[in-house]
Amino acid sequence: MIGVTMQDTTPPLWHLSGKTAVITGAASGLGRELALACTAAGMRLVLADIDAVGLAQTLALTGLPPEQAVTQLCDVSKAEDLERLAQTAQECFGGTHLLFNNAGVLTAGPLWGASARDWQWMLDVNVMSVAHGIRSFVPAMLARGEQAWVVNTASMAGLANSPELGLYCASKHAVVSISECLHHELAQTGKPVGVSVMCPSFVATGITDAAKKHSAGEAAEHAAPSPLIDRIHQATQSGALSAADVARITLEAVQAQRFYILPHAAALANVEQRLHKLMAGAAPHNPLAGAR
C-alpha cells in the first residue's frame, strides 16, 4: 500500500515583533491590556482614546520610548479622527499591521424608553467607529501588500440577544456582520490581510462606568438609569477571565489567524439555544432568564 501523508493546513504563527499595532479605546480596560500584550510581543504602538489622562497612564505602563509608541486623542465616532489616526501611524511607523477597532460603549433599558440620543451614541461609537476604522486603514493595508490584520471588538451580545440590551445587542450584531462581510471581501483580494471578531462575555473593562455617566445625563430628561447596569457591573467584576486574559487570548488568536475569538466558551450555550429556537421558528431564548 502507498502511504498517504496528510498536509497540515494550519497557518504558521504570525510573528508580531517589530510590527505596528493601532488600538482605539486604549485608555483603560481591554484596550489598555491589548496595549500591554502587544508590548510584550515586541510591537510598536499607536494608542488612541478620548481620555488623555488614561492614555498617558497606558503609555507609562507599556514602558515604551517615544520612538516605539505614540498616543493620540481620538473621537472614534468622527471619521476625520480615524483618518488622522491612520496618518499618524503612517508618518511615525510606516503604516499599520494590526488594527484594533476596540472602543465601545453600553447603555441599558427597555427599547421603548431609549432616546434618539441613546441610539445615536450607541451606533456612532460601536458601529460607525468600526466603519471609520476599516475605511481609514484597510486600503493602505491592501496597497502595501504585507501581512496585516483587523480585530473588531464585538461581544457575546453580538451573538445572542438579551432584554434591556436592545441597543447594545443591535450594535454588536452589526459589528459581527460587518466583520463576516469584511472577511469574505478580503479573501477575494488574495492579499495577506485578514480580520477577526472578538466576542467576549462579562469582563471588567470599565464600560459600565461610561454607561452610568451617559444614563445619568439621560435621566435628567427621561427615566432613571436601568438597574441592569449595576448587575452587569457586578458580573464583570466577578468574571472568570480578566481583561488581561482576554487580551492574551486575542493576540494568540490573531497570531493563529482565527476569525472568531470566543474567550468565554461557556457563554456559547446561549448562542446554541438561540440557534435552536431560530431553526424551530420558536420564540427567542432569553440569556438572562433566571439571572436576576
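Calculation notes
Residues numbered from 1 in each chain as written. Predicted model: local features only at pLDDT ≥ 70, side-chain atom pairs only at ≥ 80, totals over all residues. Heavy atoms only, no water. Helix = DSSP H or I, 4+ residues; strand = E, 2+ residues; numbered from the N terminus. Buried < 20%, exposed > 50% of the residue type's maximum accessible area, 1.4 Å probe, protein only. Contact = heavy atoms within 4.5 Å. Areas by Shrake-Rupley, 256 points an atom, 1.4 Å probe, with all protein chains shown as cover. Core = buried A, V, L, I, M, F, W, Y, C linked by side-chain atoms within 4.5 Å. Patch = residues over 30% accessible without salt bridge, like charges linked within 9 Å, V, L, I, M, F, W, Y side chains within 5 Å. Salt bridge = Lys/Arg side-chain N within 4 Å of Asp/Glu carboxyl O. Phe/Tyr/Trp six-rings, centres within 6.5 Å; stacked < 30°, edge-to-face > 60°. Pairing = 2+ DSSP bridges. Right-handed = clockwise from strand over helix to strand, strands pointing away. Axes fitted to C-alpha atoms, helices over the stretch in contact; angles between N-to-C directions. Parallel < 35°, antiparallel > 145°, perpendicular 65-115°, else oblique. Left-handed = near helix turned anticlockwise from the far one by under 90°. Expected span 1.5 Å × (residues − 1).

Peer 1: When you look at the overall build of the protein in this model, what are you seeing that I'm missing?
Peer 2: A count of helices and strands for the protein gives nine helices and seven strands. Taken over 292 residues, the protein has a buried fraction of 47%. If you take every contact in the protein between residues at least 6 apart in sequence, the share linking residues at least 24 apart comes to 72%. Accessible surface, the protein as shown: approximately 14000 Å² in total, 58% of it carbon and sulfur.

Peer 1: It is not clear to me how the nonpolar core should be interpreted in this structure. Could you clarify?
Peer 2: Counting 45 residues, the largest nonpolar core has Leu 85, Phe 137 and Met 141 as the members making the most contacts within it. Elements with a minimum of two residues in this core: β2 (44-49), α3 (79-93), α4 (116-144), β5 (148-153), α5 (166-189) and β6 (193-198). Looking at which element gives the most residues to this core, the answer is α4, with eight residues. Within the second largest apolar cluster, 30 residues are counted, among which are Trp 14, Leu 64, Ala 253 and Val 254.

Peer 1: Looking at this model, I keep getting lost on a nonpolar patch on the surface. Mind explaining?
Peer 2: Judged by side-chain polarity, Leu 111, Trp 119 and Leu 123 come together as a nonpolar surface patch covering roughly 250 Å² of accessible area. Within the fold, Leu 123 resides in helix α4. Overall, the relative accessible area of 33% leaves Leu 123 in the partly exposed class.

Peer 1: Help me understand unusual backbone geometry, please; the structure alone is not making it clear to me.
Peer 2: Glycine aside, residues mostly have negative phi angles, and peptide bonds mostly take the trans form. Although it is not a glycine, Glu 164 sits at a positive phi angle of roughly 70 degrees. Glu 164 sits in the partly exposed class, given a relative accessible area of 22%. Even without glycine at this site, Gln 257 takes up a positive phi of about 60 degrees. Tracing the chain through its elements places Gln 257 in the loop between α8 (243-255) and β7 (260-261).

Peer 1: Where do I start with the packing of aromatic side chains in this structure?
Peer 2: How two aromatic rings sit relative to each other is set out by the distance from centre to centre and by the angle between their planes. Per the stated rule, a full pass over the model turns up one aromatic pair. A ring pair is formed by Phe 259 and Tyr 260, whose centres lie 4.5 Å apart and whose planes are at 85 degrees; its orientation type is edge-to-face. Looking at Tyr 260, the relative accessible area reads 41%, which means it is partly exposed.

Peer 1: Sorry, what's going on with the pairing of strand β4 (residues 98-101) here?
Peer 2: Strand residues, when the strand is regular, have side chains that alternate between the two faces of the sheet. Neither face of β4 is open: one carries Leu 98 and Phe 100, the other Leu 99 and Asn 101, and all of them are buried. Relative to β4, strand β1 (residues 20-24) runs parallel, the two sharing three bridges. Bridging from a neighbouring strand, Ala 21 pairs with Leu 98 of β4. What joins β4 to β5 is α4, and the crossover it makes is right-handed.

Peer 1: Sorry if this is basic, but what is going on with the side chain of Asp 81 here?
Peer 2: When you line up the elements, Asp 81 lands in helix α3. By relative accessible area, Asp 81 is classed as buried at 10%.

Peer 1: What exactly am I supposed to notice about the packing of α4 against α5 here?
Peer 2: Two packed helices can be described by the angle between their axes and the distance between those axes. One way to put it is that α4 packs onto α5 with a least axis distance of 9 Å and a crossing angle of 15 degrees. Judged by the angle between their axes, α4 and α5 are roughly parallel. In the crossing of α4 with α5, the sense of the turn from one axis to the other is right-handed. Two secondary-structure elements touch here, α4 through Asp 118, Trp 119, Met 122, Leu 123, Asn 126, Val 127, Val 130, Ile 134, Val 138 and Leu 142 and α5 through Leu 167, Tyr 168, Ala 170, Ser 171, Lys 172, Ala 174, Val 175, Ile 178, Leu 182, Leu 186 and Thr 189.

Peer 1: I keep staring at helix α1 (residues 29-40) and nothing clicks. Help me out?
Peer 2: Since one α-helical turn is 3.6 residues long, residues separated by three or four positions face the same way. Under the 1.5 Å per step criterion, the end-to-end length of α1 is 17 Å for twelve residues, consistent within 8% with the ideal 16 Å. All of the buried residues along α1 are Gly 29, Leu 30, Gly 31, Arg 32, Leu 34, Ala 35, Ala 37, Cys 38 and Thr 39. Residues of α1 that are buried sit in contact with β1, β2, α2 (52-62), β4, β6 and α8.

Peer 1: How should the environment of Thr 107 be read in this particular structure?
Peer 2: With respect to the helices, strands and loops of the structure, Thr 107 is situated in the loop between β4 and α4. Judged by its relative accessible area of 7%, Thr 107 is buried. Sequence separation between Thr 107 and Asp 118 is eleven residues; the distance between their C-alpha atoms is 7.5 Å.

By themselves, these are just geometric observations and shouldn't be taken as functional.
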